[in-house]
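# Tertiary structure, described
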Amino acid sequence: MRKIVLFALFLAVSVSRSFAADALLEYQVKAVCVLNAVRFVSWPTGAFESHDSPLVIGILGDNPFGSTLQDVVKGETVQKRHIVVRRVRLEEATGVHVLLISRSEQERLGGILGTLASASVLTISEIDHFTQMGGMLGLGLARGRIRFEANTEAARRAQLKFSSQFLLLARSTK
């Protein structure tokens, strides 16, 4: 199963620019990338209220995915947990497991990351240089392909761990 997921992640990361030009398709591919990336992250036991609590993906700011991310994760599980996607305000961000930070939040990024400093929340964004600014997973286009940048130090501080298989596909910034 992990090999299939790894292969799917590889295919999603290798999408060409001609596909990415279509915003709808671009965000469908990015939604699959987010789902597959989340499958390669381990959270500390205390990050969940109970053994059957869902994995919550929060979206902060504008939602470029529309309903696409919700559609992609429907019926999927991560570490035997159902996935819930919802819009959040900054005050609610520490209560999610994954926070997708929209480009619309770029001016507030320092404050957002500061708010999450002691929380086990995986931060993901398309903001340029996101991982260099302290975010954990940058998602963007490079040479016509969707790429991940991983900040392993930021993840470690949040008690999160990226799978070594995932790190083979991501560019590490720390």
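Anyway, here's the lowdown on the structure attached to this text. (Residues numbered from 1 in each chain as written. Predicted model: local features only at pLDDT ≥ 70, side-chain atom pairs only at ≥ 80, totals over all residues. Heavy atoms only, no water.)

Pairs can form between side chains of opposite charge whenever their charged atoms are close. Throughout the structure, instances matching the rule amount to nine salt bridges. A salt bridge links E91 to R89; the nearest nitrogen and oxygen atoms lie 3.0 Å apart. The burial state of E91 is the same as that of R89; both residues are exposed. Because the salt bridges share partners, they merge into one network encompassing E26, K30 and E126. (Salt bridge = Lys/Arg side-chain N within 4 Å of Asp/Glu carboxyl O. Buried < 20%, exposed > 50% of the residue type's maximum accessible area, 1.4 Å probe, protein only.)

Approximately 420 Å³ is the volume found for the largest pocket. G140, A142, R147, E149 and R171 are, among the 21 residues lining the largest pocket, the residues nearest its centre. Residue contributions to the lining of the largest pocket peak at five residues, all from strand β7 (residues 137-142). Each residue belonging to the lining of the largest pocket can be placed in one class, and the counts come to eight nonpolar, six polar and seven charged. (1 Å grid on protein atoms, 1.4 Å probe; cavity = no way out; pocket = protein on both sides within 12 Å on 5 of 7 lines; lining within 4 Å. Points joined across faces, edges and corners; volume = space filled by probe spheres on them. Helix = DSSP H or I, 4+ residues; strand = E, 2+ residues; numbered from the N terminus. Nonpolar A, V, L, I, M, F, W, Y, C, P; charged D, E, K, R; others polar.)

Further remarks concern the packing of aromatic side chains. Taken as a whole and judged by the stated rule, the model has five aromatic pairs. A centroid spacing of 6.3 Å and a plane angle of 25 degrees characterise the contact between F40 and F166, whose relative ring orientation is stacked. Of this pair, F40 sits in the loop between α3 (23-38) and β1 (41-42) while F166 sits in helix α7 (residues 164-169), and the two are 126 residues apart along the sequence. Residue classification places F166 among the buried residues on the basis of a relative accessible area of 0%. By the ring-pair criterion, three or more aromatic residues cluster together here, those being F40, F148, F162 and F166. (Phe/Tyr/Trp six-rings, centres within 6.5 Å; stacked < 30°, edge-to-face > 60°.)

Looking now at unusual backbone geometry. Phi is positive for K80, close to 65 degrees, though the residue is something other than glycine. Relative to the assigned elements, K80 resides in the loop between β3 (77-78) and β4 (81-88). Notably, H129 is not glycine yet its phi reads approximately 60 degrees, a positive angle. Mapping H129 onto the fold places it in the loop between β6 (122-125) and β7.

This next bit is on empty space enclosed by the protein. Under the criterion given, the structure shown has one cavity of 30 Å³ or more. Computed from the structure, the largest cavity encloses a volume of approximately 100 Å³. Lining the largest cavity we find I59, D62, P64, F65, L100, I101, S102, I124, S125, E126 and L139. Among the residues making up the lining of the largest cavity, the classes are represented as seven nonpolar, two polar and two charged.

The subject of this paragraph is the pairing of β7. Both β6 and β7 contribute to a ladder of two bridges, which runs parallel. For I124, the partnering residue across the bridge sits in β7 and is L137. Sheet topology places β7 next to strand β8 (residues 145-150); six bridges connect them, and they run antiparallel. Note that in β8 the partner of A142 across the bridge is R145. (Pairing = 2+ DSSP bridges.)

Don't take any of this as a statement about function, it's just geometry.
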